[in-house]
Amino acid sequence: MAKPSWNFSIFSYLFYLFLALFIHKSRAELSDVTGYLLDDVNEGELAGFGDFNSDKTTDLFVISQSGKDVILIIAAKEGQYKKKLLIDLTKHVNGTTITSVMPGDFDGDSQMDVLITTSTSPKNLNVPVSVLIYWGKREGFVVENKPLVIDTKMRQQPLVMDYNADMIPDLLGEESSSGKRYYWIASNNRSFTRQEVVLPNNGTLLPMRIPHSNAFIDLDNDLNPDLFVTSYDKASKKQIFELWYNEIGSGGWTLNGTLEPPQTDAAFIGQAVFTDINADKKMDILLPICSDANCAESGIYAYSEGNWTLMISKFMRADKTYKFLPPGMAEEQPITLRVGDYNLDGYPDVVTVLQTEDNGEKKQQAFILYNYDCKAASCKRLGRTFFVDYGAPLSSVKDAITVAFFDIYENGILDIFVTSRTKKGTDVHAFLHGFALDACFMKVTVVSGLCYHDCGQNSPYGTDQPGPTVSYETTRTDGTTQVSVAGQLSQSAYMSLQLPYTVFGLGISPNFVDSMEVGIPTPADSTSVRKKKWTSIIPNSQLIVIPHPSDDPSSWYNKLFIAPMANKQVLYTAAALLGTCGLVAIVSGVLQWRERAEDKKEKLVDAQKFHFDAM
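Residues numbered from 1 in each chain as written. Predicted model: local features only at pLDDT ≥ 70, side-chain atom pairs only at ≥ 80, totals over all residues. Heavy atoms only, no water.

> What am I meant to see in the overall build of the protein chain here?
Of the regular secondary structure elements, the protein chain holds three helices and 41 strands. Here the protein chain holds 615 residues, and the buried ones make up 55% of them. Restricting to contacts in the protein chain with at least 6 residues of sequence separation, those with at least 24 account for 55%. Carbon and sulfur atoms form 52% of the exposed surface of the protein chain, whose accessible area is close to 26800 Å². (Helix = DSSP H or I, 4+ residues; strand = E, 2+ residues; numbered from the N terminus. Buried < 20%, exposed > 50% of the residue type's maximum accessible area, 1.4 Å probe, protein only. Contact = heavy atoms within 4.5 Å. Areas by Shrake-Rupley, 256 points an atom, 1.4 Å probe, with all protein chains shown as cover.)

As structure tokens, this is what we get:
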């Protein structure tokens, strides 16, 4: 009896054929959902993000058009966002305007508080700012009526960081009266203790630049956040970047070195931002620069492996030139890039605001800059560059002043918010990202973890925390290794609009993430960095890391939630697999039927044969 011979490659082909039919790459599009999401009440300026009501969704903090109120926009995983008035400045302070909002848990009770800075002249950055903290109340999720006012004014907006690694955010700034640099160290009794920043041998510190790019970020790749401080040398009129390392066993923060911008004579040097540009698991610096006073020569530099690289030398499209907004035109806003993996390919992209002139009319629009592979000689060091999408996804917003990434429906896909200038003041616009379903992601949020069991009325997870570092390692479909690293809430001043979570794009790789490692601020007297590694992470998931207790990484918790919208890919894959199995079952059934028919035919032939042995 002849048996059918099968070639397994046929089934592989059929499987991938069905996979291609069910999983197709669609064009990523942005939809303006402002009217629906914000219910047509979108006045104000987006100023910060944070989970104020502890429902594990990130809310929005908006400064009203008058500059006297902070409006909380409460996020929802589905449907419209809701609004409530959170802070009315006129009840406590008159004659000042809110210039920034920095959410955080400044008393360690696992309830989010709100720090604001105010100024009597918000358009003049040289005017000292007052710092007020409104304490959050769990009952009704509001703030207490009387804020804490920091005892002295500061020369510039402070950096929120964790100096003593107690998971209660502290502040770094300069006292306006003396010009001295201080840490304002917070405690759980709602008070701050000042500690002056000093150099060994009574060295002299340069004044911090206004506006600055100060950051609480890992600079030496040990998962322990360090300090990046922007200072200014008045004698040489140069901006200086100070690198303060928090090395284990060093006894505290030490000035490890300084760094100069690539163009020290540039007219404007924007806000430095930190990201892993080329996905090598090392933190890089992106720096926007205007070479001339009109910003006609606008470019982006990257600092990696000890060298500055010019990634974009000029923004050009046909015969039209685009440029950054000179700081005088953007009022109090410095030139800022904001990073996030928009297309989930494993490499961080950028959003920023550019200006162009069309028929004598100046236009300001938000643009997406895609991070893509580059083989040109100019890209030899990093192997990456930026491609500016000059199309029209965000062109509906006129006179844009800020743009930021945000995950609107907590599905691991980065959407976009734009703040624009209007005749009345400012408006916020929301754009939903309709992304292709064939790329995977991993979304990580590291909370304070001050309480986990027997927390009473406090949140069992804690609140958004500045400084944690997250890295991962996985294997691509072609067998190569994919890695990356990111910092959480590393910057807080001058509308940095950083997210309290990190979204890592994994590309078209549905494999498990091999490992994820998280590090948090570590005390100076520790013998090792506070960090922990998890293995075999499910892709398309949201992870909440709870470092409790903070000094025992082996006991840290990791809560994993599968993103519902991202699971459509799993459904498509399952449908393709079921379809393939169904086809295989049909083919097997047909072959089985044919084999039985052949067997029956052979039996009939055997029955009709003449048996000579019977004679």
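What follows picks up the thread again.
> Is there a simple way to explain the packing of aromatic side chains in this structure?
We describe a pair of aromatic rings using the distance from one ring centre to the other and the angle between the two ring planes. If you walk through the whole model with that rule in mind, you get 17 aromatic pairs. On the basis of an interplanar angle of 40 degrees and a centroid distance of 4.9 Å, the ring pair of Phe-228 and Phe-241 is categorised as tilted. Separated by 13 residues along the polypeptide, Phe-228 in strand β17 (residues 226-233) and Phe-241 in strand β18 (residues 238-245) bring together distant segments of the chain. There is no split in this pair, since Phe-228 and Phe-241 are both buried. Ring geometry for Tyr-322 and Tyr-390: centres 4.8 Å apart, planes at 35 degrees, overall tilted. Residue Tyr-322 is found in strand β26 (residues 320-324), and its partner Tyr-390 is found in the loop between β30 (384-389) and β31 (400-406); the two are separated by 68 residues along the sequence. No difference in accessibility class separates Tyr-322 from Tyr-390, as the two residues are buried. Pairwise contacts between aromatic rings join Phe-49, Phe-406 and Phe-417 into one cluster. Just above the ring of Tyr-347 sits the side chain of Arg-384; from NZ or CZ to the centre is 3.5 Å. The positively charged end of Lys-443 is found above the aromatic ring belonging to Tyr-501, 4.1 Å away from the centroid. (Phe/Tyr/Trp six-rings, centres within 6.5 Å; stacked < 30°, edge-to-face > 60°. Lys NZ or Arg CZ within 6 Å of the ring centre and 35° of its normal.)

> Teacher, can you tell me more about the sheet that holds strand β16 (residues 215-217) here?
Spatial ordering of the open sheet is given by β16-β17-β18-β19, a layout of four strands whose pairing is antiparallel. Each of the sheet's edge strands pairs with one partner strand only, and the pair in question is β16 and β19 (254-259). When strand polarity is set aside, the average angle formed by the axes of neighbouring strands in this sheet is 30 degrees. Of the pairings in the sheet, the one linking β18 to β19 comprises five bridges and is antiparallel in character. Residue pairing across strands places Phe-241 opposite Leu-259, the latter belonging to β19. (Pairing = 2+ DSSP bridges. Axes fitted to C-alpha atoms, helices over the stretch in contact; angles between N-to-C directions.)

> What's the story with the state of the cysteines in this structure? I'm lost.
By definition, a disulfide links two cysteine residues through a covalent bond between their sulfur atoms. Applying the stated rule across the entire model yields two disulfides. Covalent S-S linkage joins Cys-290 and Cys-295, the inter-sulfur distance amounting to 2.1 Å. Every disulfide takes its handedness from the sign of the S-S torsion; for Cys-290 and Cys-295 that torsion is 100 degrees, giving right-handed. Look at Cys-295 and you get buried, because its relative accessible area is 0%. In this model Cys-374 forms its disulfide with Cys-379; the gap between the sulfur atoms is 2.1 Å. (Disulfide = S-S within 2.5 Å.)

> What should I look at first to understand the pattern of salt bridges in this one?
Opposite charge on two side chains lets them pair, provided their charged atoms get close. Summed over all chains, the structure comprises twelve salt bridges. Ionic pairing is found between Asp-107 and Arg-190, a salt bridge with its closest N-O pair at 2.8 Å. Of this pair, Asp-107 sits in the loop between β6 (97-104) and β7 (113-119) while Arg-190 sits in the loop between β14 (181-186) and β15 (192-196), and the two are 83 residues apart along the sequence. Exposure remark for Asp-107: the relative accessible area of 4% places this residue in the buried category. A salt bridge links Glu-473 to Lys-281, with the nearest nitrogen and oxygen atoms 3.9 Å apart. In this pair, Glu-473 is assigned in strand β35 (residues 469-475) and Lys-281 in the loop between β21 (273-275) and β22 (284-290), connecting sequence segments 192 residues apart. Accessibility expressed as a relative area gives 32% for Glu-473, which makes it partly exposed. Because the salt bridges share partners, they merge into one network encompassing Asp-107, Asp-109, Glu-144 and Arg-190. (Salt bridge = Lys/Arg side-chain N within 4 Å of Asp/Glu carboxyl O.)

> Help me understand the sheet that holds strand β4 (residues 69-74) in this model?
Think of a sheet as strands paired side by side through backbone hydrogen bonds, with each pair either parallel or antiparallel. In spatial order, the strands read β2-β3-β4-β5; together these four strands make up an open sheet with antiparallel pairing. Only two strands of the sheet have a single neighbouring strand rather than two, namely β2 (45-50) and β5 (82-88). On average, each strand axis in the sheet is inclined to that of its neighbour by 30 degrees, with strand direction left out of account. Pairing geometry for β2 and strand β3 (residues 59-63), over five bridges, is antiparallel. By the bridge assignment for β3, Leu-46 is matched with Val-62.

> How do you make sense of a nonpolar patch on the surface when you look at a structure like this?
Together, Phe-512, Ile-538, Leu-560 and Ile-562 give the surface a local cluster of nonpolar side chains, amounting to about 320 Å² of exposed area. On the secondary structure map, Leu-560 appears in strand β41 (residues 557-562). (Patch = residues over 30% accessible without salt bridge, like charges linked within 9 Å, V, L, I, M, F, W, Y side chains within 5 Å.)

> Quick question: what am I supposed to make of the nonpolar core here?
By size, the foremost hydrophobic cluster in this structure holds 44 residues, and its most contacted members are Leu-37, Tyr-81, Phe-406, Ile-408, Ile-416, Phe-417 and Val-418. Sorting the residues of this core by element identifies β2, β3, β4, β28 (349-358), β29 (361-373), β31, β32 (415-421) and β33 (426-434) as the ones contributing at least two each. Here this core takes five residues from β31, the largest share from any one element. Discounting chain neighbours no more than four positions away, the residues touching Leu-37 are Gly-79, Gln-80, Tyr-81, Ile-408, Tyr-409, Phe-417 and Ala-430. Judged by nonpolar contacts, the second largest core, of 22 residues, contains Ile-312, Ile-335, Val-350 and Tyr-390. (Core = buried A, V, L, I, M, F, W, Y, C linked by side-chain atoms within 4.5 Å.)

> What is the right way to look at the environment of Tyr-409 in this model?
Considering the arrangement of structural elements, one finds Tyr-409 in the loop between β31 and β32. Residue classification places Tyr-409 among the buried positions, given a relative accessible area of 17%. Considering only alpha carbons, one finds Tyr-409 and Lys-77, 332 residues apart in sequence, at a separation of 4.6 Å. Non-local contacts of Tyr-409, meaning those with residues more than four positions away in its chain, are made with Tyr-36, Leu-37, Ala-76, Lys-77, Glu-78, Gly-79, Tyr-81, Asp-415 and Leu-432.

> Sorry if this is basic, but what is going on with the environment of Ile-289 here?
Turning to its location among the elements, Ile-289 is positioned in strand β22. Excluding residues that lie within four positions of it along the chain, Ile-289 makes contacts with Pro-262, Gln-263, Ala-266, Phe-268, Ile-269, Glu-297, Ser-298, Gly-299, Tyr-301 and Phe-324.

> Please clarify how the pairing of strand β37 (residues 502-507) should be interpreted in this entry.
Consecutive side chains of a regular strand alternate in pointing toward one face of the sheet and then the other. Of all six residues that make up β37, six are buried, and the element is covered over most of its length. Covered by surrounding structure in β37 are Thr-502, Phe-504 and Leu-506 together with Val-503, Gly-505 and Gly-507, the residues of both alternating faces. Here five bridges tie strand β34 (residues 440-446) to β37, and the two strands are oriented antiparallel to one another. Within β37, the residue paired with Met-442 across the bridge is Phe-504.

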